[in-house]
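# Chains, contacts and geometry: an overview
Spelled out from the first residue to the last, the chains are:
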Amino acid sequence: MAETTETTAPEVTLDEIVALCKRRGFIFPSSEIYGGIGSTYDYGHYGVLLRNNVKNEWWRAMIGERDDIVALDSAILQHPRVWEASGHLEGFTDPMVDCRTCGLRFRADKLEDAQCGRKPSKHPGEFSECDLTEAREFNLMFETHVGPVKDTGSITYLRPETAQGIFVNFKNVLQFARKKPPFGIAQIGKSFRNEITTGNFVFRTREFEQMEMEYFVPPDEAPKWHEYWMDERMRWYTELGIRPDKVTLRAHGAEELSHYSTATSDIEYLFPMGWSELEGIANRGDFDLTQHARMSGEKLEYFDQDKGEAYIPYVIEPAAGVDRAMLAFMVDAYDTEEVEGRKRTLLRLHPRLAPVKAAVLPLVSKDGMPERAREIYADVRAHVPAEYDEGGSIGKRYRRQDEIGTPWGITVDGETMEDGTVTLRDRDSLEQERVPAEGLGERLAAKLAKPWRTPKLG
Ligand code: GAP
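Just so we're clear, the structure is a prediction, and the values are computed from it rather than from any experiment. (Residues numbered from 1 in each chain as written. Predicted model: local features only at pLDDT ≥ 70, side-chain atom pairs only at ≥ 80, totals over all residues. Heavy atoms only, no water.)

### Notes on the overall build of the protein
Along the backbone of the protein there are 13 helices and 23 strands. Relative to a compact globule of 458 residues, whose C-alpha radius of gyration would be 23 Å, the protein shows 25 Å and is just as compact. Overall, the protein is about 75 × 70 × 50 Å in size when its C-alpha atoms are taken along their principal axes. Looking at the 458 residues of the protein, the share that counts as buried comes to 51%. Counting only contacts in the protein whose residues sit at least 6 apart along the sequence, the fraction spanning at least 24 positions is 67%. When the accessible surface of the protein is split by element, carbon and sulfur atoms take 49% of a total near 21500 Å². For the protein, the centre of its 59 positive side-chain charges and the centre of its 78 negative side-chain charges are spaced 3 Å apart. (Helix = DSSP H or I, 4+ residues; strand = E, 2+ residues; numbered from the N terminus. Rg over C-alpha atoms; globule rule 2.2 N^0.38 Å. Buried < 20%, exposed > 50% of the residue type's maximum accessible area, 1.4 Å probe, protein only. Contact = heavy atoms within 4.5 Å. Areas by Shrake-Rupley, 256 points an atom, 1.4 Å probe, with all protein chains shown as cover. Lys, Arg positive; Asp, Glu negative; His and termini not counted. Charge placed at Lys NZ, Arg CZ, Asp CG, Glu CD.)

Here it is as structure tokens:
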């Protein structure tokens, strides 16, 4: 994966995103009270909600809006021969070097991105005290043991991609799903890679979640479907608010292709650290089904009744990362502006992605306002995910919701008690309109269903 650098200053730094995630409870370093464990993160309340929304939008695009894809949830632990057949045991490696002086380990092909352990202003190998070993291939799979006895026969691996669980279930799904190529199998789940170079927050971690779909097609149609899925996946990101000039497609050069791929293009996003991979869209050919058929002895092919012949379908695979997508949506949505002499920080998230859609806020905690606000809250939350908040000044509560990315704020005030109207505040424009409290839940559900365009595009 190429990470190119951008010379202009980013609109937001990764540190600002990290700080907001901590401040508002989106993401915490894992095992923090013990000093953390390299590059693993825990997701707090709003992080979970945002991640779920990203995944729901992916399911919507893969299953909800079409009929040619079915869902699967395969196990993380699989038979070790899966990884032999897939080529991961032999080929899922990165070249690494160790420094005998500082004891750190680096990717041999990414030394220019790493810092020397003794002199961080230099790259490994550039400082006079550096003493690097020859490059060795290092397998990225986490090894573990199945059963109580730790011997070579009990070794298996935490899956490094969800895709193989799909290939090994090809026959099961074909039998029960009543589909014929072109059709897809989609899955979301955790994957694990013992990455040598981690960093950039949740961009590259050792435990992460993938959203992968394997689309099985007649071999001669593979290039057409590859193009199709590149367009579809680009559309998914931009329709969910990523600005079109911040996302691009980059075709892999021959030397970059994975062992299974005949053609891959990456969707790259302009992260604060530069253009980096968000999702890979590969033409895997018949590599995986052929390999699993050979190793398992099962026939993994499709019998075309019309032509009276069997063939092994080719596979087009859009493979995305939940954590990376979430990071990209946050980066793209992050904004600051000055309002009445004060800095306002907000996430201009697509309302469908926003963790909370509406916050119901009594202006003050007296005069019957909290009670009325709770009634309105009960109606609103029956239609859209909502939150009730009565603690602190109204300004502080608005700022909190802005940073979470809540698109609509509903304030219950003295007028509400008199005429039954509330203030509906728009996160992006800051416009406030007076609307009847009656039917507010339905009104917001209708707003949520409308197409949305980020105000950052003007
Ligand atoms: N089945 C194909 C496959 O796994 P990949 O390009 O290695 O392809 C797909 O991974 C996506 O998974 C990446 O585009 C990225 O979004 C996400 N991903 C991969 N490694 C990751 C890591 N260490 N941390 C976070 N996300 C990762």
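Read on, since the account is not over.
### Looking at the site of the ligand
By nearness alone, 21 residues border the ligand, and Glu161, Arg193, Thr205, Glu212 and Glu277 come closest of all. With respect to the ligand, the backbone of Phe203 contributes an N or O atom lying 3.4 Å from a nitrogen atom. Within the backbone of Leu278, an N or O atom sits 2.9 Å from an oxygen atom of the ligand. Coverage of the ligand by the protein amounts to 92% of the 550 Å² it exposes when considered alone. Those elements that provide at least two residues to the shell around the ligand are β10 (207-217), β13 (274-285) and β16 (314-321). Among the elements that make up the shell around the ligand, the one with the highest residue count is β13 (five residues). Class assignment for the residues of the shell around the ligand results in seven nonpolar, four polar and 10 charged. (Near = heavy atom within 4 Å. Polar contact = N/O pair within 3.5 Å; in protein donor to acceptor, adjacent residues only side chain to side chain. Nonpolar A, V, L, I, M, F, W, Y, C, P; charged D, E, K, R; others polar.)

### Digging into the sheet that holds strand β4 (residues 93-98)
Taken in spatial order, the three strands make up an open sheet running β5-β4-β6, and their pairing is antiparallel. Pairing within the sheet leaves two strands with one partner each, and these edge strands are β5 (105-107) and β6 (136-139). Taken over all neighbouring pairs, the strand axes of this sheet differ in orientation by 50° on average, direction set aside. Looking at chain direction, β4 and β5 are connected through three bridges and run antiparallel. Along β5, the bridge assignment pairs Met96 with Arg107. (Pairing = 2+ DSSP bridges. Axes fitted to C-alpha atoms, helices over the stretch in contact; angles between N-to-C directions.)

### Observations concerning the sheet that holds strand β20 (residues 386-388)
Each strand in a sheet pairs with another by means of backbone hydrogen bonds, the pair being arranged parallel or else antiparallel. The strand order β20-β19-β21-β22-β23 describes an open sheet built from five strands, whose pairing is mixed. If you trace the sheet from one side to the other, it starts and ends with β20 and β23 (432-436), each paired once. This sheet shows a mean twist of 25° between the axes of neighbouring strands, independent of strand direction. Summarising the sheet, strand β22 (residues 421-426) and β23 pair through five bridges and their orientation is antiparallel. What sits directly across from Thr421, in β23, is Pro436. In the packing of helix α11 (residues 394-404) onto the sheet, the strands contacted are β19 (358-362), β20, β21 (408-412), β22 and β23, and the crossing angle to β19 comes to about 170°.

### Side note on the packing of aromatic side chains
Counting across every chain of the model gives 18 aromatic pairs. On the basis of an interplanar angle of 80° and a centroid distance of 5.2 Å, the ring pair of Tyr41 and Phe201 is categorised as edge-to-face. Taken together, the residues Tyr41 in strand β2 (residues 41-43) and Phe201 in the loop between β9 (183-192) and β10 connect sequence positions 160 residues apart. Phe201 gets classed as buried once you look at its relative accessible area, which sits at 8%. Through a chain of ring-to-ring contacts, three or more aromatic side chains come together here, namely Phe167, Phe170, Phe183 and Phe216. We note Arg284 situated over the ring of Tyr260; from NZ or CZ to the ring centre the distance is 3.6 Å. A cation over an aromatic ring shows up here: Arg324 above the ring of Phe203, its NZ or CZ 3.8 Å from the ring centre. (Phe/Tyr/Trp six-rings, centres within 6.5 Å; stacked < 30°, edge-to-face > 60°. Lys NZ or Arg CZ within 6 Å of the ring centre and 35° of its normal.)

### Quick notes on helix α10 (residues 369-381)
Between its first and last C-alpha, α10 extends 18 Å over 13 residues, near the 18 Å set by a 1.5 Å rise per residue. Those residues of α10 that fall on the buried side of the exposure criterion are Met369, Pro370, Ala373, Ile376, Tyr377 and Val380. All buried residues of α10 fall inside an arc of 120° around its axis, so they share one side. Residues of α10 that are buried in the fold lie against β19, β20, β21, α12 (414-419), β22 and α13 (440-449). (Expected span 1.5 Å × (residues − 1). Arc of directions from axis to C-beta.)

### Remarks on the pairing of strand β17 (residues 334-339)
Regular strands place their side chains on alternate faces of the sheet. Taken together, the six bridges between β17 and strand β18 (residues 342-347) define a ladder with antiparallel strand orientation. Considered in β18, the bridge of Glu337 is made with Arg344. If you look at the hairpin formed by β17 and β18, you'll find two residues sitting between the two strands, and Glu340 has a positive phi there, around 50°.

### Some words on empty space enclosed by the protein
Scanning the model with the defined rule gives two cavities of 30 Å³ or more in all. Of the voids in this model, the largest cavity is the one considered here, and its volume is about 60 Å³. Taken together, Leu240, Gly241, Phe329, Asp332, Ala333, Arg348, Leu349, His350, Leu353, Trp452, Thr454 and Lys456 form the lining of the largest cavity. In terms of residue class, the lining of the largest cavity is built from six nonpolar, three polar and three charged. What the second largest cavity holds in volume is close to 30 Å³. As for the second largest cavity, its lining consists of Ala359, Leu361, Tyr398, Gln401, Asp402, Thr406, Trp408, Gly409 and Arg425. (1 Å grid on protein atoms, 1.4 Å probe; cavity = no way out; pocket = protein on both sides within 12 Å on 5 of 7 lines; lining within 4 Å. Points joined across faces, edges and corners; volume = space filled by probe spheres on them.)

### Describing the pairing of β19
Along β19, five of the five residues are buried, which leaves the element largely enclosed by surrounding structure. Burial along β19 is two-sided: the face carrying Ala358, Val360 and Pro362 and the face carrying Ala359 and Leu361 are both buried. In the sheet, β19 pairs with β20 via three bridges, with the strands oriented parallel. Of the residues in β20, the one forming a bridge with Ala358 is Ala386. In this fold, the crossover linking β19 to β20 by way of α10 has right-handed handedness. (Right-handed = clockwise from strand over helix to strand, strands pointing away.)

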